[in-house]
Amino acid sequence: MLTLNQTLEEILTLAASHFKVAREKLSPDDDFFRTLGINSLQTLELLTRLEHHFQIELPDYELQGVSDFRTLAQRIQARL
Amino acid sequence: MEKFDGQAVSWGLTDGIVELALHREPCNEIGLLTLEELEEFAAALEGLNNQAHALIIYSSLKCGFSAGADLKELFRISQEMDRNEAVKGVRDYLERIHRVMNAIDGSPLTTIAAVHGVTFGGGFELALVCDLIIADKMARFCFPELRLGLIPGFGGIPRLKRDLGNGVVRDLLLTGRSFNATKAQQVGLVSQTVPEGESLKVARATAVQLRKFDRRTAIAAKEFIKPIPYEELRREIEIFCELFAEPAVEAGLRKFAESTGTQPYLP
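Reading guide: rules and limits
Residues numbered from 1 in each chain as written. Chains lettered and ligands numbered in written order. Predicted model: local features only at pLDDT ≥ 70, side-chain atom pairs only at ≥ 80, totals over all residues. Helix = DSSP H or I, 4+ residues; strand = E, 2+ residues; numbered from the N terminus. Rg over C-alpha atoms; globule rule 2.2 N^0.38 Å. Buried ≥ 20, exposed ≤ 12 C-beta atoms within 10 Å, placed from the backbone. Contact = placed C-beta atoms within 7 Å. Nonpolar A, V, L, I, M, F, W, Y, C, P; charged D, E, K, R; others polar. Pairing = 2+ DSSP bridges. Axes fitted to C-alpha atoms, helices over the stretch in contact; angles between N-to-C directions. Core = buried A, V, L, I, M, F, W, Y, C linked by C-beta atoms within 7 Å. Right-handed = clockwise from strand over helix to strand, strands pointing away. Parallel < 35°, antiparallel > 145°, perpendicular 65-115°, else oblique. Left-handed = near helix turned anticlockwise from the far one by under 90°.

Novice: Got a minute to help me understand the overall build of chain B in this structure?
Specialist: Counting secondary structure elements, chain B contains 11 helices and 11 strands. Relative to the globule expectation of 18 Å for 267 residues, the C-alpha radius of gyration of chain B, 18 Å, shows essentially globular dimensions. Projected onto its principal axes, the C-alpha coordinates of chain B cover approximately 55 × 35 × 35 Å. The buried share of chain B, taken over its 267 residues, is 44%. The contacts in chain B between residues at least 6 apart in sequence include a share of 77% that link residues at least 24 apart.

In structure tokens:
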């Protein structure tokens, strides 16, 4: 099973690749809405990509109030 | 009419396949304009039924199939009326959209929804009237209505009940959560999950395949296996209108219409 840091790294790599942001510009405590410049529909797209990548189901209400990559990684880690 | 280019939807007939494209920015919200054009489509469908064997409904917008009812328009219009008038207006709107949905649901054509991205609320309900749903792997389905103090109003619950086990229906409805195409296929909602950007292509290939079958047999099979739940659809309109009269709905609509947050869809 992945460690929390590995999960976090995979999220950052996936987000950078999909939203075409340099990986080195993303940090674990960044507000991903602001850093990636994504709206609500793109957030759903990110959620779907993360579910496919980690092969999990992540109910969207679990993401309520989550805006940084580290907390997102913790929520995903709990589902692995 | 074999071809129509509207502001919200367009359709055309080619080689026995009718294609209905949704293209109202930002994400195919279903308001009065879309309803009027869908009514034109439903009227034209009767003539098209004799010339075609299949219907494909898809969105040409990148964001997805449809974000559902146009809640901002609903809020704006309902603010211009007193509550009783607003409820009456909503009932009239629901009666009209139900007639459109029932016309597509009961069409003798074999109907395919080719969906991608956001397939929420009324958009999800439009997909549910089709015989088959072919989903891009990035499609996402949701009934978020409870957060507004409402239930789905375009026939969603009776048609979900027709297709799925009640546990899944309750999960979708009572939690308001969204789920992806893989999950949707696992529970029996989606017939095929396809790679990104391929849903329309696969729907077209499927529609070509359907041409090989005898039409009378296909129509008989559809009528046998897919009855329209008219009684429950009527009950849905009644419950929706009862709930719409509650003050909580106005507050929920206002919150959504005025939201500038990044997650307005979350319950």
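Novice: Teacher, can you tell me more about the interface of chain A and chain B here?
Specialist: When the parts of a complex come together, some accessible area is lost, and that lost area is often taken as the interface size. Across the contact, 15 residues belong to chain A and 18 residues belong to chain B. Broken down by element, the side of chain A that touches chain B gets its largest block of residues, eight residues, from helix α3 (residues 40–54) of chain A. Tallied by class, the residues present in the side of chain A that touches chain B amount to five nonpolar, six polar and four charged.

Novice: Looking at this structure, how should I read the sheet that holds strand β10 (residues 178–180) of chain B?
Specialist: In a beta sheet, neighbouring strands are held together by backbone hydrogen bonds and run either parallel or antiparallel to one another. All names here are of chain B. Pairing is mixed across the open sheet formed by four strands, whose spatial order is β5-β7-β9-β10. The open sheet is flanked by β5 (64–66) and β10, the only strands paired with a single partner. Across the sheet, the mean angle from the axis of one strand to that of its neighbour is 20°, orientation sign disregarded. Alignment of strand β9 (residues 140–142) against β10, held across three bridges, turns out to be antiparallel.

Novice: Got a minute to help me understand the environment of H53(B) in this structure?
Specialist: Residues and elements named next belong to chain B. Among the structural elements, H53 can be located in the loop between α1 (32–48) and β4 (54–59). C-beta crowding within 10 Å serves as the criterion here: with 21 such atoms nearby, H53 is assigned to the buried category. As a C-alpha pair, H53 and L109 span 56 residues in sequence and 5.0 Å in three-dimensional space. Those residues in contact with H53 that sit more than four places away from it in its chain are G16, L109, T110, L210, R211 and R215.

Novice: Could you clarify how one ought to interpret the nonpolar core in this entry?
Specialist: The nonpolar side chains of soluble globular proteins are, as a tendency, buried together. Formed by 74 residues in total, the largest nonpolar core has its most connected members in I56(B), I112(B), A114(B), A127(B) and I133(B). Ranked by residues supplied to this core, first place goes to helix α3 (residues 83–105) of chain B with seven residues. Not counting chain neighbours up to four residues away, the residues in contact with A127(B) comprise F65(B), A113(B), V115(B), T119(B) and I133(B). L12(A), F32(A), L36(A) and I76(A) belong to the second-largest nonpolar core, a separate cluster that totals 12 residues.

Novice: Help me out: how do you make sense of the sheet that holds strand β1 (residues 3–5) of chain B in this one?
Specialist: Residues and elements named next belong to chain B. If you walk across this open sheet you meet the seven strands as β1-β2-β3-β4-β6-β8-β11, and the pairing is mixed. In this open sheet, the two strands that pair with only one neighbour each are β1 and β11 (192–194). Pairwise comparison of adjacent strand axes, ignoring direction, gives a mean angle of 20° for this sheet.

Novice: Can you walk me through unusual backbone geometry in this structure?
Specialist: Excluding glycine, residues mostly carry a negative phi; peptide bonds, for their part, are mostly trans. Note the cis peptide between E25(B) and P26(B), where omega equals 5°. You will see that K20(A), though not glycine, has its phi angle at about 55°, which is positive. Structurally, K20(A) is set in the loop between α1 (4–18) and α2 (32–36). For K20(A), a count of 7 C-beta atoms within 10 Å corresponds to the exposed category.

Novice: Help me understand the pairing of strand β3 (residues 17–22) of chain B, please; the structure alone is not making it clear to me.
Specialist: One face of the sheet, then the other: side chains in a regular strand alternate in exactly this way. Residues and elements named next belong to chain B. When you tally the buried positions in β3, you get five out of six residues, the bulk of the element. Taking the residues that link successive antiparallel strands as the turn, the strand β2 (residues 9–14)-β3 hairpin has two residues, and the phi of D15 there is positive, at about 50°. As paired strands, β3 and β4 are joined by six bridges and run parallel to one another. Its bridge partner being in β4, E19 is matched across the sheet by I56. A crossover links β3 with its parallel partner β4, the connecting element being α1, and its sense is right-handed.

Novice: Explain the packing of helix α4 (residues 121–128) of chain B against helix α5 (residues 156–163) of chain B here, please?
Specialist: Any two packed helices are characterised by the angle at which their axes cross and by the distance between the axes. Residue and element names in this part refer to chain B. Contact pair α4 / α5: the axes reach a minimum separation of 10 Å and the direction vectors enclose 45°. Taken together, the axis directions place α4 and α5 in an arrangement best described as oblique. Remark: the crossing between α4 and α5 carries left-handed chirality. Residue-level inspection shows F124, E125 and L128 of α4 in contact with α5, the latter providing G156, R159 and L160. Looking at the contact of α4 with α5 residue by residue, the classes come out as three nonpolar, one polar and two charged.

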